[in-house]
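A structural walkthrough
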Amino acid sequence: MQVIKNLWLFLLFTSGCYFISQGQVKTKAVLDHAVYDGWQEIGAKEISNNGSWVAYTIKPQEGNEQLVVYNVSKRTTLKMDRSSDPVFTADHQFLLFRIHPDFKDVEKTNKEKNKKKEGASKDTLAILNLRNKSLLKIPGLMSFQVPKRGSGWIAYHVRRDSIKGDHTDTLFIFNLKTGEKSFFSEIENYLISDSNNHIALSLSGLENHSRKKSGIALWFDPENHTTDTLNKGAAGYRNFVFDSSCNQLAYLSQQDTNSKEQKLFSLHYYRNGERHDRRLTQSEIKTRPYLQTINANRKIFFSKNGGQLFFYTVPVVIKDTLHNSDRAKVDVWRYNDDYLFTRQQKLMEDSARGYLAMVDLPSENLIQLADKNIPTVLLSDEGKSDVALGVTDKGDRISSQWRTNTLKTAYLISLKDGSRKKITDTLRGEFLISSSGNFVIWYNGKEKNWFAYNVRTGEVKDMTQLVADSFYDVEYDQPEFPPSYGIAGWTKDDRSVLLYGRYDIWQIDPAGEKKALNITNGFGQKNRIVFRVVNKSKEQPSFSPNQFLTLNAFYESNKQGGFYGSRIGVAGNPTFLTSGPYHFSSPIKARDKNVFIFTRENFVQSPDLYVGSLYGATRISDLNPQQQKYNWGTASLVKWETYDGKPSEGILYKPEDFDSTHQYPMIVYFYEKLTDRFNYYIPPEPTPSRLNISFFVSRGYLVFTPDISYTIGHPGKSAYDYIMSGVRSLLHHSWIDSTRIGIQGQSWGGYQTAYLITQTPLFKAAWAGAPVVDMFSAYGGIRWGSGVSRQFQYEHGQSRIGATIWERPDLYIENSPLFFLPRVHTPLVIMANDHDEKVPWYQGIELFTDLRRLGKPVWMLNYLGEKHNLVKRKNRKDISIKEQEFFDHFLKGAPLPDWMQSAD
């Protein structure tokens, strides 16, 4: 009997079993790297206009997406495999979506070395009749469009193999109710209007006298079976856009040119019922001081009232006739240019670049609103104004080399003649124009207040100086003026603006005639609840005077979320709707009914989808039921005082089978402040750079994530103070093994990891991704992703030195791990990738070679071609495995993995 008992005990402890309350034994597996691909999340989610139907997709990390269609009243579900992109028709009678080929087949095709030229599409259009559940499938789908307001007609573009083996592009216009169908071959581009079911399209099948194909632009009315030719003969037509009435159309034509440097475009306009379109611009627009053409990479759009047409222009590139072999290859960097040469290059490469211009449609006058001197122009949302807001940092752009916030000047720009009127002196802050264009408001970072400029009178008022609240980020700890908490929006006709305080929402009259009204009645500040508006509509950019607002609520003390409601114009305590120990996504409302969909999650619950009211919603998804098979974890908030006596907090993650009589290894992970994410779900997934918290917790590690606040000039010491005091505050627990503590950080966290191991021998293993170790050499470097200098990072940004290397070289030495490397006793892995666009990868090389010179145990990973964070999934999986092997070796005594052993 004793032998049997001992055998039972052996099997119990070696299998990872534990007792549950009823005395039964239950075994749960630990997470491994094989689980990643099947872990799921909610993808696209849609609710029908009447709130009766919900469609959402479930996306595995790798594999086939599944579409779920849910009937809200009947609580029934339909599931469609390999499906995505759901769209309800406006009358909520049909659901359209895309069916894909099997993921494994696509993956196999993509791996073929000699892929054939793109042929017929393998996707299928699916049309589900929500009344009778019939399903129509149309193969060869390229794209489809459904009108937002109209119902009946849809448009879809298919590509199929012909009998001769080539591929045909065909656009079908299809009536979902009657089955009526029209089609156009050789389709290039198309757009179906939001209502009235008009379709604009372009074809590419015509041949001109030189045997070159040229395009044709058409307007098709499916109800009346009429087709009007808008234009023909251009190389192509694109960027179709209707106005809000769907009776006006604009689009671009491409000049037939052999130029490889730049394609030139003209702007066209058509009103329904006219005989033909009108060309509003030539391909080369004569503006001073240089020729412009239209940037086809940015949208063209009508004003809300349909009276103006807006587009973006770029300078015409002058062809260089000098042959490449005769041209010297040299870049000229000039000290007095507005931008560094590298930044100039990035601005030129940016396909979204351009300067806003407009055509006044009644007069057809073209006005260039923005240019190199005033590149940013903001329009009022309602389109009622005759002015726009221009913002520029011209004259202070050189300082962007070392500042995070340049001096800006604001101008009123007339939409009648393009004239400009300066309305402010230079300031560091943000500018906005009101919905109806009656006011320009700005936040002045130096004075920490909001100001309003009356467009009609020219009067300026300080809106928040006398309001008993803070409208700037009171916790901002970088050496720059603090940003504002932001703006919620405007009431109709600009009667008032809703501004965010730290916790509450204020309704303020920009004209200064009415007293500021706290519509959350100070309830946020009293209870430390942060309120923010969540139900602002893009189609209705301004609020009604007495509108009921749905508010997102974040409880600062315990990090839980919820929803409340407040009414504009009323200073009363907000109405409680729901709250709990969860993170809630922003709710999406059905257009015609108070039915919402949103997700809810916390560390132990996947972000499942809910539908219903905000005070009584029903869960309709069940993501990741396989989680129940695995040893998961728990999260708890911990609080302590730093060595300087400052209050701080962090998150401690424990295994689900935590046993206080057992000692655990612990990994410390950090990046600025993470406690606001206390109720976020952390799926096990291959990491781009971060610590895979749920993975390590499942495998018997504790993970601690302390918040950090900073003292200007001493980021290293600040990190030490908060992190080490937090760790020491936990070590009084006997279930933490103080001899087995690791540390991991990426980027800014990677720097702090490198710094901390020079200050303490506590950590037995450290992992630093993309670290900076020498602030002197990094100071004058370039962030190659944006082309900007790194100086701003140290003087006014995240590195928080607050001075130049000449003013305070002592601070650059104090905060550079490089100068203290002989103190290091912790084995270290560095990730430094050769295409890192943010942190120079030679910083990682410096750290590696110097530690190697000192005989310290150090390894470096360079994922070839990768940037700051890993993108390729195979590399993410690889680093996840290596990170586990590294910490398992030093913190659990596992064998040294092959990749860490000498290659000799």
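Residues numbered from 1 in each chain as written. Predicted model: local features only at pLDDT ≥ 70, side-chain atom pairs only at ≥ 80, totals over all residues. Heavy atoms only, no water.

1. What about the environment of Thr76?
Selection rule: Only runs of H or I of at least four residues qualify as helices and only runs of E of at least two qualify as strands under DSSP, and these elements are numbered from the N terminus. Throughout, a residue-residue contact means that at least one pair of heavy atoms, one from each residue, lies within 4.5 Å.
Relative to the elements of secondary structure, Thr76 occurs in strand β6 (residues 76-81). In contact with Thr76, other than residues within four places in its own chain, are Val69, Tyr70 and Asn71.

2. Notes on the sheet that holds strand β39 (residues 505-508)
Under the convention used in this document: Think of it this way: DSSP has to see at least two bridges between two strands before they count as a pair.
Taken in spatial order, the five strands line up as β40-β39-β38-β37-β42 in an open sheet, and their pairing is mixed. Among the strands making up the open sheet, the edge pair consists of β40 (517-518) and β42 (542-543). Looking at chain direction, β39 and β40 are connected through two bridges and run antiparallel. Bridge assignment links Gln507 to a residue of β40, and that residue is Leu517.

3. Let's talk about empty space enclosed by the protein
The test is simple: Space inside and on the surface of the protein is sampled on a 1 Å grid over the protein atoms alone, with a cavity defined as a set of points where a 1.4 Å probe fits but cannot get out and a pocket as an open set with protein on both sides within 12 Å along at least 5 of 7 lines; lining residues have an atom within 4 Å of a point. Grid points are joined across faces, edges and corners, and a volume is the space filled by probe spheres set on the points.
A complete count under the given rule lists one cavity of 30 Å³ or more for this structure. As a volume, the largest cavity reaches approximately 30 Å³. In terms of lining residues, the largest cavity is bounded by Ala770, Pro771, Ala832, Asn833, Asp836, Val839, Pro840, Trp841, Gln843 and Gly844.

4. Focus: the pattern of salt bridges
What counts, and what does not: Think of a salt bridge as a Lys or Arg side-chain nitrogen and an Asp or Glu carboxyl oxygen that are within 4 Å of each other. With a 1.4 Å probe rolled over the protein chains alone, any residue whose accessible area is under 20% of its type maximum counts as buried; one over 50% counts as exposed, and the rest are partly exposed.
Under the criterion given, the structure shown has 36 salt bridges. The salt bridge partner of Asp123 is Arg98, with a shortest N-O separation of 3.0 Å. A residue pair is termed long-range when its members are at least 10 positions apart, and Asp123 in the loop between α2 (103-110) and β9 (124-129) and Arg98 in strand β8 (residues 94-99) qualify at 25 residues. Summarising the burial analysis for this pair, Asp123 and Arg98 share the class buried.

5. Focus: helix α12 (residues 873-892)
Definition in use: Residue count minus one, scaled by 1.5 Å, sets the expected span of a helix.
Taking 1.5 Å per residue, 20 residues should reach 28 Å; α12 reaches 27 Å between its end C-alpha atoms and fits that length. Taken as a whole, α12 has its buried residues at Asn875, Ile879, Ser880, Lys882, Glu883, Gln884, Phe886, Phe887, Asp888 and Leu891. Check the buried side of α12 and you find it contacts β53 (664-669), α5 (693-698), β55 (736-746), β56 (765-769), β59 (828-831) and β60 (858-861). Directly beyond the C-terminal end of α12, a positive phi value near 80° is found at Gly893.

6. Quick look at helix α6 (residues 715-730)
For α6, which comprises 16 residues, the first-to-last C-alpha distance of 23 Å matches the rise-based estimate of 22 Å (1.5 Å per residue) to within 8%. Of all 16 residues making up α6, 12 are buried, and the element is well covered by its neighbours. Residues of α6 that are buried: Pro715, Gly716, Ser718, Ala719, Asp721, Tyr722, Ile723, Met724, Ser725, Gly726, Val727 and Leu730. In this fold, the buried residues of α6 make contact with β51 (633-641), β52 (647-655), β53, β54 (702-706), β55 and α7 (748-756).

7. A word on the sheet that holds β52
The following threshold applies: Axes, fitted as lines to C-alpha atoms, cover a helix only where it is in contact. Angles between the N-to-C directions of the axes lie from 0 to 180 degrees.
The strand order across the open sheet built from eight strands is β51-β52-β54-β53-β55-β56-β59-β60, with neighbouring strands paired in mixed fashion. In the strand order of this sheet, the two ends are held by β51 and β60, each with one partner. Taken pair by pair, the neighbouring strands of this sheet meet at an average axis angle of 20°, ignoring direction. In this structure, β55 lies alongside β56, joined through five bridges in parallel fashion. Directly across from Gly742, in β56, lies its bridge partner Ala765. Its contacts with the sheet place helix α11 (residues 842-853) against β59 and β60, and it is angled at close to 155° to β60.

8. Let's talk about the packing of α6 against α7
This is how the line gets drawn: Angles below 35 degrees are treated as roughly parallel, those above 145 as roughly antiparallel, those between 65 and 115 as roughly perpendicular, and all remaining angles as oblique. Each residue gets one label: Ala, Val, Leu, Ile, Met, Phe, Trp, Tyr, Cys and Pro are nonpolar, Asp, Glu, Lys and Arg are charged, and the others, such as Gly, are polar.
Contact geometry for α6 and α7: axes closest at 10 Å, N-to-C directions at 80°. Here α6 lies roughly perpendicular to α7, going by the angle between them. Of α7, the residues touching α6 (which contributes Pro715, Gly716, Lys717, Ala719, Tyr720, Ile723 and Met724) are Trp748, Tyr751, Gln752, Tyr755 and Leu756. Looking at the contact of α6 with α7, its residues break down into nine nonpolar, two polar and one charged.

9. Some thoughts on the packing of aromatic side chains
As a reminder, the rule being used: Centres within 6.5 Å are what make two rings of Phe, Tyr or Trp a pair, Trp counting through its six-membered ring; a difference in plane orientation under 30 degrees is then read as stacked, over 60 as edge-to-face, and the rest as tilted. Note on criteria: charge over ring means Lys NZ or Arg CZ within 6 Å of the ring centre, with the direction from the centre no more than 35 degrees off the ring normal.
In this structure the tally under the stated criterion is 50 aromatic pairs. Pairing Trp39 with Trp632 gives two aromatic rings, centres 6.0 Å apart and planes at 10°, and the pair type is stacked. On the criterion of sequence distance, the pair formed by Trp39 in the loop between β2 (25-27) and β3 (40-47) and Trp632 in the loop between β50 (616-619) and β51 is long-range, its members being 593 residues apart. One exposure class covers both Trp39 and Trp632, and it is buried. Between the aromatic rings of Tyr582 and Phe584, the centroid separation amounts to 6.1 Å while the plane-to-plane angle is 80°, which identifies the pairing as edge-to-face. What makes Tyr582 buried here is its relative accessible area of 15%. Taken together, the ring pairs connect Tyr36, Phe695, Phe696, Tyr701, Trp767, Trp859, Phe886, Phe887 and Phe890 into an aromatic cluster. We note Arg298 situated over the ring of Tyr312; from NZ or CZ to the ring centre the distance is 3.7 Å.

10. Some thoughts on the side chain of Gln791
Which entries qualify depends on this criterion: Two N or O atoms form a polar contact when they lie within 3.5 Å of each other; inside protein one atom must be a possible hydrogen donor and the other a possible acceptor, and for residues adjacent in sequence the pair counts only when both atoms belong to side chains.
Mapping Gln791 onto the fold places it in helix α9 (residues 791-795). Judged by its relative accessible area of 11%, Gln791 falls in the buried class. Polar contacts involving the side chain of Gln791 include one to the side chain of Gln401, which spans 2.9 Å. Contact partners of Gln791, with chain neighbours within four places excluded, come to Gln401, Trp402, Tyr779 and Gly780.

11. Some words on the nonpolar core
To keep things clear, this is the line we draw: Take the buried residues of types Ala, Val, Leu, Ile, Met, Phe, Trp, Tyr and Cys, join any two whose side-chain atoms come within 4.5 Å, and each joined set is a nonpolar core.
In terms of nonpolar packing, the biggest core is built from 52 residues, with Met666, Val668, Phe704 and Leu828 touching the most fellow members. Here this core takes six residues from α6, the largest share from any one element. Membership of the second largest hydrophobic core comes to 35 residues, among which are Tyr36, Leu674, Ile682 and Phe695.

12. Thoughts on the side chain of Ser266
Tracing the chain through its elements places Ser266 in strand β21 (residues 265-271). Ser266 sits in the buried class, given a relative accessible area of 3%. Polar contacts involving the side chain of Ser266 include one to the main-chain amide nitrogen of Ser283, which spans 3.1 Å. Excluding residues within four positions of it along the chain, Ser266 makes contact with Tyr251, Leu252, Ser253, Arg279, Thr281, Gln282, Ser283 and Ile294.

13. With respect to unusual backbone geometry
If a residue is not glycine, its phi is most likely negative; likewise, a peptide bond is most likely trans. Unusually for a residue other than glycine, Asp494 sits at a positive phi of about 60°. Mapped onto the elements of the fold, Asp494 is located in the loop between β37 (487-491) and β38 (497-500).

14. Section: the pairing of β38
Covered by surrounding structure in β38 are Val497 and Leu499 together with Leu498 and Tyr500, the residues of both alternating faces. Two elements, β37 and β38, share three bridges in a ladder whose sense is antiparallel. Looking at β38, one finds that Trp490 is bridged to Val497. Here β38 runs beside β39; their pairing, made up of four bridges, is antiparallel. What sits directly across from Tyr500, in β39, is Ile505. Joining the antiparallel neighbours β38 and β39 is a turn of four residues.

15. Observations regarding the pairing of strand β34 (residues 439-444)
In terms of residue burial, β34 counts as a mostly covered element, since six of its six residues are buried. Residues Phe439, Ile441 and Tyr443 point to one face of β34 and Val440, Trp442 and Asn444 to the other, with burial holding for every one of them. In this structure, strand β33 (residues 429-433) lies alongside β34, joined through five bridges in antiparallel fashion. Note that in β34 the partner of Ile433 across the bridge is Val440. In sequence, β33 turns back onto β34 through a hairpin of five residues, with Gly437 there showing a positive phi of about 80°. Linkage of β34 to strand β35 (residues 449-454), two consecutive antiparallel strands, is achieved through a turn of four residues, within which Lys448 is found at a positive phi near 65°.

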